[in-house]
Amino acid sequence: MVSFYYLNIASQEAVNWHIAEQLVEGRLMAEVLYEGNLQNNTAYSAAIYRLLERVEVYVNCVRIERVK
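Every value quoted in this text rests on a predicted model; they were computed, and no experiment measured them.

Colleague: For the nonpolar core, give the residues involved together with the corresponding values.
Modeller: Residues Tyr34, Leu38, Ala43, Ile48, Leu52, Val59, Val62 and Ile64 constitute the largest nonpolar core, which totals eight residues. Elements with a contribution of two residues or more to this core: α2 (45-52) and β3 (61-66).

Given below as C-alpha cells:
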C-alpha cells in the first residue's frame, strides 16, 4: 500500500500529529518498507514516481507498506 502526504518536517508539532494519526489508525504496527521524504526513497522508486504523476496536490513524503 502506498500513501502520499505532505509533512512540514521543520515543525515538530506536524511530526507529532503525523505520529498520533498513525497511532489512532493502528498503522504503527504495519510492515513498513519505507516512510519519509520522497527524494530519499529507494523502495520501488520507478513505480512510486509513476503513481506520483496521478497525485494532484503537492506532497513531499511517501509511506510504503507491505499488505498481508
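Colleague: Residues and numbers for the packing of aromatic side chains, please.
Modeller: Under the counting rule described, the total for this entry stands at one aromatic pair. Aromatic pair Tyr6 and Tyr58: ring centres 5.7 Å apart, planes at 50°, arrangement tilted. With Tyr6 in the loop between β1 (2-5) and α1 (12-25) and Tyr58 in the loop between α2 and β3, this pair connects stretches of sequence that are 52 residues apart. The exposed category is assigned to Tyr58, whose relative accessible area is 62%.

Colleague: Give me the lowdown on the environment of Glu65, citing residues and values where you can.
Modeller: Examined against the element boundaries, Glu65 turns out to sit in strand β3. A relative accessible area of 10% places Glu65 in the buried class. Between the C-alpha atom of Glu65 and that of Ala14, which follows or precedes it by 51 residues, the distance is 21 Å. Those residues in contact with Glu65, other than ones at most four positions away along the chain, are Met1, Arg27, Ala30, Glu31, Val32 and Leu33. Here the side chain of Glu65 touches Arg63 through a polar contact of 2.6 Å, side chain to side chain.

Colleague: Before we move on, can you summarise the confidence of the model for the protein chain with the specific residues and values?
Modeller: Per-residue confidence for the protein chain gives a mean pLDDT of 86; residues scoring 70 or more make up 100%. Of all helices and strands in the protein chain, the one with the weakest mean pLDDT is α1 (80), whereas α2 scores best (92).

Colleague: Describe the pattern of salt bridges, naming the residues involved and giving the relevant values.
Modeller: Taken as a whole, this structure holds three salt bridges when the rule is applied. A salt bridge links Glu31 to Arg66, with the shortest nitrogen-to-oxygen separation between them at 3.0 Å. Taken together, the residues span a long stretch of sequence, with Glu31 in strand β2 (residues 31-37) and Arg66 in strand β3 at a distance of 35 residues. On the basis of relative accessibility, which here comes to 35%, the residue Glu31 falls in the partly exposed class. Looking at Arg66, the relative accessible area reads 41%, which means it is partly exposed. With its nearest N and O atoms 2.6 Å apart, the salt bridge here joins Arg63 to Glu65. Each of Glu35, Arg63 and Glu65 takes part in a single network of salt bridges with overlapping partners.

Quick notes on the rules
Residues numbered from 1 in each chain as written. Predicted model: local features only at pLDDT ≥ 70, side-chain atom pairs only at ≥ 80, totals over all residues. Heavy atoms only, no water. Core = buried A, V, L, I, M, F, W, Y, C linked by side-chain atoms within 4.5 Å. Buried < 20%, exposed > 50% of the residue type's maximum accessible area, 1.4 Å probe, protein only. Helix = DSSP H or I, 4+ residues; strand = E, 2+ residues; numbered from the N terminus. Phe/Tyr/Trp six-rings, centres within 6.5 Å; stacked < 30°, edge-to-face > 60°. Contact = heavy atoms within 4.5 Å. Polar contact = N/O pair within 3.5 Å; in protein donor to acceptor, adjacent residues only side chain to side chain. pLDDT = per-residue confidence, 0-100. Salt bridge = Lys/Arg side-chain N within 4 Å of Asp/Glu carboxyl O.

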